[in-house]
Amino acid sequence: MLRLRAFRPTNDKIVKIQLHPTHPWLVTADASDHVSLWNWEHRQVIYELKAGGVDERRLVGAKLEKLAEGESESKGKPTEAIRGGSVKQVAFYDDDVRYWQLWLNRSAASEAPSSVSNTTSTFNLPAPSTKGRHFLVICCENKAIFLDLVTMRGRDVLKQDLDNRSLLCMEFLCRSVSSDGPLVAFGGSDGVIRVLSMLSWKVGRRYTGGHKGAVSCLKSFVASSGEALLVSGGVDGLLVLWNAEYGQDSRELVPKMILKAHDGGVVAADLARVSGAAPQLITIGVDKTLAIWDTSSFKELRRLKPVSKLACHSVAAWCHPRAPNLDILVCVKDSYIWAVEHPTYSALTRPLCELSSLVPPEILASHKKLRVYSMVAHPLQPHLVATGTNVGILVCGFDAKSLPPVAPLPSTPGSREHTAVYVVERELKLLQFQLSGATNPVLGSSSSLSDLERVSRGTTEQLDVKQIKKHISTPVPHDSHSVLSVSSSGKFLAILWPDIPYFSVYKVSDWSIVDSGSARLLAWDTCRDRFALLESVLPPRIPVIPKSGSSRKAREAAAAQAAAATASAASTASVQVRILLDDGTSNILMRSVGSRSEPVIGLHGGALLGVAYRTSWRISPATAISTIQSMPLTGFGATPSSFGVMNDGYSSQQSSSEASSPNFQLYSWETFEPIGVLLPQPEWTAWDQTVEYCAFAYQQYIVISSLRPQFRYLGDVAIPNATGGVWHRRQLFVATPTTVECVFVDAGIAPIDLETKRKKEEIQMREAQARAVAEHGELALITVESQQTLPVEKTALRPPLLQVVRLASFRHAPSIPPFLSLPKHSKADSKESSLSKEIEERKSHQVAIGGGGVSVAVTRFPIEQKRPVGPLVVAGVRDGVLWLIDRYMVAHAISLSHPGIRCRCLAAYGDPVSAVKWATRLGREHHDDLAQFLLGMGYATEALHLPGISKRLEFDLAMQSKDLNRALQCLLTMSNSRDIGQEALGLNLSDIMNLSSKKENIVDAVQGVVKFATEFLELIDAADATGQTDVAREALKRVAAAGSVKGALHGHELRGLALRLANHGEMTRLGNLVNNLISVGSGSEAAFAAALLGDNILMEKAWQETGMLAEAVLHAHAHGRPSLRSLVQAWNKSLQKEMEHTPVKMDAAAAFLASLDESKITSLQDAAKKPAIEILPPGMATLYGPNPVQLGAKKPVLPLQSSQQQENKPSLIEGSATTQSANAPPNPNSTLLPSTESDFQKNLVESESRPSVDGLNPEPPVPYSELNGASHSKSDSPYPAVPGPTEEVVENQEEPTYSSNTLETTPSPTSESVTSPATGDSINLLPADPLPQQSTTIQAPSVRPEIPKIFFT
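Predicted, not measured: the structure shown is a model, and the values here were computed from it.

Criteria and thresholds
- Residues numbered from 1 in each chain as written.
- Predicted model: local features only at pLDDT ≥ 70, side-chain atom pairs only at ≥ 80, totals over all residues.
- Heavy atoms only, no water.
- Helix = DSSP H or I, 4+ residues; strand = E, 2+ residues; numbered from the N terminus.
- Buried < 20%, exposed > 50% of the residue type's maximum accessible area, 1.4 Å probe, protein only.
- Contact = heavy atoms within 4.5 Å.
- Areas by Shrake-Rupley, 256 points an atom, 1.4 Å probe, with all protein chains shown as cover.
- Pairing = 2+ DSSP bridges.
- Axes fitted to C-alpha atoms, helices over the stretch in contact; angles between N-to-C directions.
- Patch = residues over 30% accessible without salt bridge, like charges linked within 9 Å, V, L, I, M, F, W, Y side chains within 5 Å.
- Salt bridge = Lys/Arg side-chain N within 4 Å of Asp/Glu carboxyl O.
- Lys, Arg positive; Asp, Glu negative; His and termini not counted.
- Charge placed at Lys NZ, Arg CZ, Asp CG, Glu CD.
- Core = buried A, V, L, I, M, F, W, Y, C linked by side-chain atoms within 4.5 Å.
- Phe/Tyr/Trp six-rings, centres within 6.5 Å; stacked < 30°, edge-to-face > 60°.
- Lys NZ or Arg CZ within 6 Å of the ring centre and 35° of its normal.
- Parallel < 35°, antiparallel > 145°, perpendicular 65-115°, else oblique.
- Left-handed = near helix turned anticlockwise from the far one by under 90°.
- Nonpolar A, V, L, I, M, F, W, Y, C, P; charged D, E, K, R; others polar.
- Expected span 1.5 Å × (residues − 1).

Caption draft 1: Molecular detail of the overall build of the chain. The number of helices and strands found in the chain is 32 helices and 62 strands. Across the 1353 residues that make up the chain, the buried fraction comes to 54%. Partitioning the contacts of the chain with sequence separation of at least 6, the portion at a separation of at least 24 is 60%. Carbon and sulfur atoms provide 53% of the accessible area of the chain, an area that totals close to 58,200 Å².

Here's what the structure looks like:
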């Protein structure tokens, strides 16, 4: 699959190009000598400069820099002002480049059989470090520019410093003594190679006597003997070999070997790694030939012409699993990337891809034809190839999902040797690998101090692996791209060649073929030895269209015809399921799975069979040719070396929307019936061996679900472009093109799990009943039903856990911050900085030695290890390490020995006891994080044994694990309250401030209890629920002691304390709490506590003394209390007093407006008068003067119809039309307080939440006297007439209740309102002579001058 990853149009030809190994950086130079640094992943230009001429920005920046440092203007011309000339080469250099250059050279040299004993010790010398800086190095004719990409400060090395010779090429030496600093070799126009030290900026060595003309290219490498070599090619056509190993001497070196390579000159050279042999050197020349050289003997192995009549300008060694026979990429000045079949020496060169189909048509229209002028392959990701053309820069991706053809076999228990099977060049081979020596402990075992130190300090080094490759006599029928997979039992191996298409199933015991045939897709069941395959008629092959072929229209027509033929062949395909028996025979279980008519494009094995269908796929005209060539990756035949365009960089949104369309159906392996609905097709699936978890991988994330007891989505992790993954219990190890990740997974406990478990238990119980009845008759039900009487333990719910840890990547370990003194860098400064860096590295070491010789890791997770290069197959966890196999069939071990990783792996594996033991090797500051992980995994009890957890987390863990005694001790420690609670303190806040020093601990203890009051209450509830009365009483003592301190606790905490005191029978403490609450003014909380005591007098006292008189009147009236009269008087007086003390400021305008509302106002003095307020319960006579005139009406009369009332008369409390009669007997159910706290709270909530009478009775309120007629006189009222203000009361129709917070009134169209001083609520006031359509709301500060009448309901 060919995909355009990035495209940047340019106005000039791109003649030089280079990729950074770890960052998404691309540096290019065009024909006009403009250098550009581009982030191809984010499509952003980082830096641009004019290297060939004089870059004005750099010149101005250098002058400003000198002025800022106080330096005077130099007499000479600054180096930035000198023209650079033609750009010859661009390159990156930093710690990443240095490391991977060394790693690639080392791995290529170690492939030779003779290098086993040499290469291991050769690379232990420290290489030069750039101290965190990233250099962009530009080699121009007249100077070399070293630009620091961090500080954007540069250093120019003129050709005068290099013997005044033009610079034509450069190469960084991979081996040098650390004290020399980084070294770069420049090839000069005089044939001399000069080595420049980036520490002293002086020439340290010269290579002379090799070339008679200019040096055109340089390449450093390591021979299989371990010797560092440098090879140079010149315009004279010679290849010269030099020794790159040297010390401090400055003698001139003579060449080791001189070879005649190409006529007309050598253009470029590259190093190719060959599996099982010494590395090979590839050179291209002006004579249009490509030569391959053996680096051990420097004999010419092969010479060929990749493209006739055109000379190659770029060459790159390539190794991609999708094209196993193509090892070399070359480019000429046309629109193709050409590939050479090098291993078979067939001298066949074929176009790998045609770049014109990738470029947007609108850009290509302005040029006649696309031509490639430079090309480079990514050093670490072989699927990425960047090309520079005459229209722009193209970064192409060649099927990043393809994996090496290797499959690990199950290991025998107890064996330290592991095996994998792989295919190479029609041969089936075995790879046996193991750790050399006891370098890494297995899961659950303990390691020595030296082992842990070695592993922790050497996290960036790969573990030593011993591996042997063996040949299997059974041949393989094809050498094209293959996919290997192993059955669940490990007894059978399937090899699929999707390009043929063909498959073979081998029996692992004797490697005999037990099944074979035509198939494009194959998938195994994870539970049994059965597999599904997609059989179809052989689709037509597409011939390779030569460069000088027919016209474009003819090629498009041929491609469309082939597409139609392939589509018809795909429509006839069917999914077939076969099973393999123990004797090796294959039987067909199902001829055709599913009834859908769409063609199948994917099969995914696992506990369920996943089938992906092609629902819709739009093909753009520009990609019609290469559409069919992309088919092999989805199961359709084509040439093995072809890559087709799947989508370009400008249709990413369209492709993502198409990819998300549901076209993936799961089927049962047993019934072959569809399960669930259609899902978006994943790129790959991974199922746990225990069938507990599954992972579906998509382009940008991985979806993880649990399968037991019911399928449930757990979440997704943002791991983009994942290529494969393997489960290991609750760990998912995932490989991406740049990283290796580990996902720790736990499903937690959800309500649906408990419900599913309960239903399954019921089904099992019914089945047991049925079996018992069938065997023993109806009497058997007695014993079966007795199992239902067992106590059901309450299971705590737990959310799912998903934690991602990065194990390996390409990035170098973070180093110290970059140095800013680049232009003034000297050797003395470097020694100091190298010393400081060494100190920093020691500080960042993973291991610190604690007391008793215990090695303790001081970091939470290890530094990321180095990921092996290229696509990887994850073999799984064995011997306590993660095994990976790369494209060259080399096994790599990723260490899991860091305690932060090891503890998590052990917990996920199901061994939390060993995890806690390993935690002693982890710094205690990281124990909280580890305890949270164990808690998420469901091991709260084991996490309590971690020695370094904080008290707060220890309390949570103890509560989770029901260890309430330990939770109590944690609370006592956190609150510092061990010494209080034995006696009542009886202190208020002012007393605490005046305590002597002997009692200062009481202040701290009270503050601590107040801080953790909620936790104390939770502990009391948990102890009560489990019957641990001692724990509950100890905790209650502390909270009660804090509650006895006046003003310490507030709100819900006081209510909670009162409830728990009443529950434990602590009535004395509860009474003291009420008195304390009254003294600090917490009336509602005091009344709540008094209600728990059942003391009505104390409740009224709490309300009355805290100013909540309205609530006191409500309570007294509802329960017929004799104290109603005094309470009514007190509240009326307080309300009247507040209104009198509130001055009303009225100007002339306000007085005029008031006169419009009230015609009786004659002056401002009359407007400021405030008549007394009278608030009476229903049935109570007026407190000011004689009884009102009884109207004698039997029917209710609206207030607006009452014209007999005189103005300025005292007002009456009037109820609604549904109000109960005043002399009716009170409700016996409401004369006493609720006996239980639940009843009390219920009544309290009902009284607060009951809707107002306004909503129930839309009619206006009726005067009480009119409602009851003349039958009621003043003497009939049960309440005597009291002169003075009265209190406001609410009377319900059936059950009188009271409200402690709100006061509901029924407004009328002519009512006014004042604010209750106790509750802040509005009280509706109605004038005696109401005026229609006149209503004003007046708060306490500004009350209406005349308030003759009040309605209150």
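Here the narrative resumes.
Caption draft 2: Inspection of the sheet that holds strand β52 (residues 739–746) at higher detail. With respect to topology, five strands assemble into an open sheet ordered β50-β51-β52-β53-β56, the strand pairing being mixed. Pairing within the sheet leaves two strands with one partner each, and these edge strands are β50 (724–728) and β56 (865–866). Two elements, β52 and strand β53 (residues 801–809), share eight bridges in a ladder whose sense is antiparallel. The residue bridging V743 from the neighbouring strand is V804, located in β53. Relative to the sheet, helix α14 (residues 927–937) contacts β52 and β53, its axis offset from that of β52 by approximately 55 degrees.

Caption draft 3: Quick look at a positive patch on the surface. Together, K13, K333, K369 and R371 make up a region of like positive charge exposed at the surface. Its relative accessible area of 35% is what places R371 among the partly exposed residues.

Caption draft 4: Highlighting the nonpolar core. Residues L807, L882, L957 and L1019 are the most contacted members of the largest nonpolar core, which totals 100 residues. For this core, the element with the most residues is helix α21 (residues 1029–1044), which contributes eight residues. Excluding residues that lie within four positions of it along the chain, L1019 makes contacts with M959, L964, A967, L968, L971, V1031 and A1035. Ranked by size, the runner-up nonpolar core spans 35 residues in total, among them V35, A144, L147 and L167.

Caption draft 5: Main features of the packing of aromatic side chains. In the structure shown here, the tally under the stated rule is 19 aromatic pairs. A centroid spacing of 4.8 Å and a plane angle of 55 degrees characterise the contact between F433 and W883, whose relative ring orientation is tilted. Placement of the pair is F433 in strand β31 (residues 427–435) and W883 in strand β58 (residues 881–885), with a sequence separation of 450 residues. An angle of 85 degrees between the planes, with centres 6.0 Å apart, marks the rings of F664 and F696 as edge-to-face. Of this pair, F664 sits in strand β44 (residues 662–667) while F696 sits in strand β47 (residues 693–697), and the two are 32 residues apart along the sequence. We note that F664, like F696, is buried. One residue, R904, lies across the ring of F933, its end atom 5.2 Å from the ring centre.

Caption draft 6: Summary view of the pairing of strand β28 (residues 392–398). Buried residues dominate β28, accounting for seven of its seven residues. Inspection of the sheet shows strand β1 (residues 2–9) paired to β28 by seven bridges, in the antiparallel sense. Residue pairing for β28: L2 is matched across the bridge by F398.

Caption draft 7: Here's a closer look at the packing of helix α16 (residues 951–960) against helix α20 (residues 1013–1026). Contact geometry of α16 with α20 gives a least axis separation of 12 Å together with a crossing angle of 20 degrees. Comparing their axes, α20 and α16 come out roughly parallel. In the packing of α16 onto α20, the handedness of the crossing is left-handed. Together, R952, F955 and M959 of α16 and E1015, E1018, L1019 and A1022 of α20 make up the contact between the two elements. Class assignment of the residues belonging to the contact of α16 with α20 gives a composition of four nonpolar, no polar and three charged.

Caption draft 8: Just helix α17 (residues 964–975), in detail. Its 12 residues place the ends of α17 16 Å apart at the C-alpha level, agreeing with the 16 Å of an ideal helix rising 1.5 Å per residue. Along α17, the positions that sit buried rather than exposed are L964, A967, L968, C970, L971, L972, M974 and S975. Following α17 by one or two positions, N976 has its phi on the positive side, about 55 degrees.

Caption draft 9: Expanded view of the sheet that holds strand β14 (residues 215–222). Pairing in this open sheet of four strands is antiparallel, and the strands run β14-β15-β16-β17 from one edge to the other. Strand pairing shows two members of the sheet lacking a second neighbour, β14 and β17 (257–260), which therefore form its edges. Shown here is a sheet whose adjacent strand axes are inclined to one another by a mean of 20 degrees, direction ignored. The pairing of strand β16 (residues 238–243) with β17 spans four bridges and is classified as antiparallel. Residue L241 lies in a different strand from β17, and its bridge partner there is M257.

Caption draft 10: Fine view of unusual backbone geometry. Between I500 and P501 the backbone carries a cis peptide bond, its omega angle lying at -10 degrees. Note that P501 resides in the loop between β34 (492–497) and β35 (502–507). Unlike most non-glycine residues, M152 shows phi in positive territory, near 60 degrees. One can find M152 in the loop between β8 (143–148) and β9 (154–158). The class for M152 is partly exposed, based on a relative accessible area of 33%. Phi angles above zero are rare outside glycine, and W201 is one such case at about 55 degrees. Here W201 shows up in the loop between β12 (193–197) and β13 (203–207). With a relative accessible area of 7%, W201 lands in the buried category.

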